[in-house]
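Analysis of the macromolecular model
Listed here are the chains, written in short residue letters.
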Amino acid sequence: MKIATFNINGIKARLPRLKEWLEETRPSVACLQEIKSQDDGFPAGEFEAIGYQAIWHGQKSFNGVAMLVDAKASFTGPVEVRRGLGIDGPNDGEGEQARYLEADVNGVRVVCIYLPNGNPHPGPKFDYKLAWMERLRERMAEIWAEEVPCAVVGDFNVIPHDDDVWSPKAMASDALMQPESRAAYSRLLADGWTDAMRTLNPRGGVWTYWDYQAGAWQRDHGFRIDHLLLSPELADRLEAVGVDKDHRGREKASDHAPVWVQLRN
DNA sequence: ATGCCTTCCTGGGGAAGA
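The rules behind each value
Residues numbered from 1 in each chain as written. Chains lettered and ligands numbered in written order. Predicted model: local features only at pLDDT ≥ 70, side-chain atom pairs only at ≥ 80, totals over all residues. Heavy atoms only, no water. Near = heavy atom within 4 Å. Polar contact = N/O pair within 3.5 Å; in protein donor to acceptor, adjacent residues only side chain to side chain. Pairing = 2+ DSSP bridges. Helix = DSSP H or I, 4+ residues; strand = E, 2+ residues; numbered from the N terminus. Axes fitted to C-alpha atoms, helices over the stretch in contact; angles between N-to-C directions. Parallel < 35°, antiparallel > 145°, perpendicular 65-115°, else oblique. Contact = heavy atoms within 4.5 Å. Salt bridge = Lys/Arg side-chain N within 4 Å of Asp/Glu carboxyl O. Buried < 20%, exposed > 50% of the residue type's maximum accessible area, 1.4 Å probe, protein only. Patch = residues over 30% accessible without salt bridge, like charges linked within 9 Å, V, L, I, M, F, W, Y side chains within 5 Å. Areas by Shrake-Rupley, 256 points an atom, 1.4 Å probe, with all protein chains shown as cover. Lys, Arg positive; Asp, Glu negative; His and termini not counted. Charge placed at Lys NZ, Arg CZ, Asp CG, Glu CD.

So, the protein's contact with DNA strand B
Surrounding DNA strand B, one finds 26 residues, the nearest of these being E34, S61, N117, Q213 and F223. Taking the atoms of DNA strand B that fall within 4 Å of the protein, sugar and phosphate contribute 77% of them. In the model, a phosphate oxygen of DNA strand B is placed 3.4 Å from a nitrogen or oxygen of the D155 side chain. Contacts to DNA strand B include K252, whose side-chain N or O atom sits 3.3 Å from a phosphate oxygen.

A word on the sheet that holds strand 1 (residues 2-7)
Pairing in this open sheet of six strands is mixed, and the strands run 3-4-2-1-14-13 from one edge to the other. Sheet topology places strand 3 (52-57) and strand 13 (238-243) at the edges, where each strand pairs with a single neighbour. Each strand axis lies, on average, 15° off the axis of its neighbour in the sheet, ignoring direction. Examined bridge by bridge, strand 1 and strand 14 (residues 259-263) share four bridges and lie antiparallel to one another. Bridging from a neighbouring strand, T5 pairs with V259 of strand 14.

Observations concerning the packing of helix 3 (residues 124-146) against helix 4 (residues 179-190)
To characterise two packed helices, one gives the angle between the axes of the helices and the distance between these axes. It is the contact of helix 3 with helix 4, at a shortest axis distance of 10 Å, that shows an interaxial angle of 5°. Put simply, helix 3 runs roughly parallel to helix 4. Two secondary-structure elements touch here, helix 3 through F126, K129, L130, M133, E134, L136, R137 and M140 and helix 4 through E180, S181, A184, Y185, R187 and L188.

What about the environment of I55?
Its place among the elements puts I55 in strand 3. Expressed as a C-alpha distance, the spacing of I55 and V69, which sit 14 residues apart in the sequence, is 8.9 Å. If we ignore the near neighbours within four places in the chain, the residues touching I55 are A66, M67, P78, E80, L101 and A103.

Observations regarding the pattern of salt bridges
Between side chains of opposite charge, a pair can form as their charged atoms come close. Summed over all chains, the structure comprises 22 salt bridges. The partner of E80 in a salt bridge is R83, with the nearest N and O atoms 2.7 Å apart. Note on R83: relative accessible area 34%, which makes it partly exposed. The partner of D164 in a salt bridge is R198, and the shortest N-O contact between them spans 3.5 Å. Of the two residues, D164 is situated in the loop between strand 8 (150-155) and helix 4 and R198 in helix 5 (residues 196-200); the sequence distance between them amounts to 34 residues. Residue classification places D164 among the buried positions, given a relative accessible area of 1%.

Some remarks on a negative patch on the surface
There is a patch of like negative charges on the surface, built from D88, D92, E94 and E96. Mapped onto the fold, D92 is located in the loop between strand 5 (79-83) and strand 6 (100-105).

Here it is as structure tokens:
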């Protein structure tokens, strides 16, 4: 079973690139973030046509998450378990943002998250980020108590270590690498979850995001913020992880690259 | 450095991203 996460930065603008990636790499489960689409604008038929069954949690203009499952490979699901964490956005009266989707796939619980960016720091958006991370931690503890194999994947918007970024100095004031952001991420690992990429690449130096600006891609000025966290049962099945880096270099690419984990059966 | 680029929503230019 191969579980992938991909912040696509707009499903309408990215549809040809996204379908290309699915057909070339054929993940069993693909968790998407920043679809930037309302529920009724989601192109489910486009995915069905290439053998993927989808569920989605959309929002106008911003955010939005989705989960695709390879029906051609006879994977069952996604059977939705939950959408949203029940936490309002940082602006008064805006309600909850579309950032969380949880479903069962072949007996594995898959959680797709788009964690708040938190910039500028300090401020209400940063406070929202930290509150969201604490709520996520609570939900992960609930799933842990169910003793179901689980992968929590997505755009965490956290650079866990200094060796996960091209220049810690250049990013020092960013919400992605504030000590509070890192501490909240570390608590998830301390709870027993395994960072799949870190486990197989303990020295860092692997990027999943390159900014559109300042020639970041050409200069390899990237960092790692897209993560795959595994419950103990899935960590025991960890076989390989990777970044589909070449997809970042294509025409009309997202600023994130897809990241995946291969699990033994 | 309120910069750089890209998307969305909308038909001009602002918000958001990281």
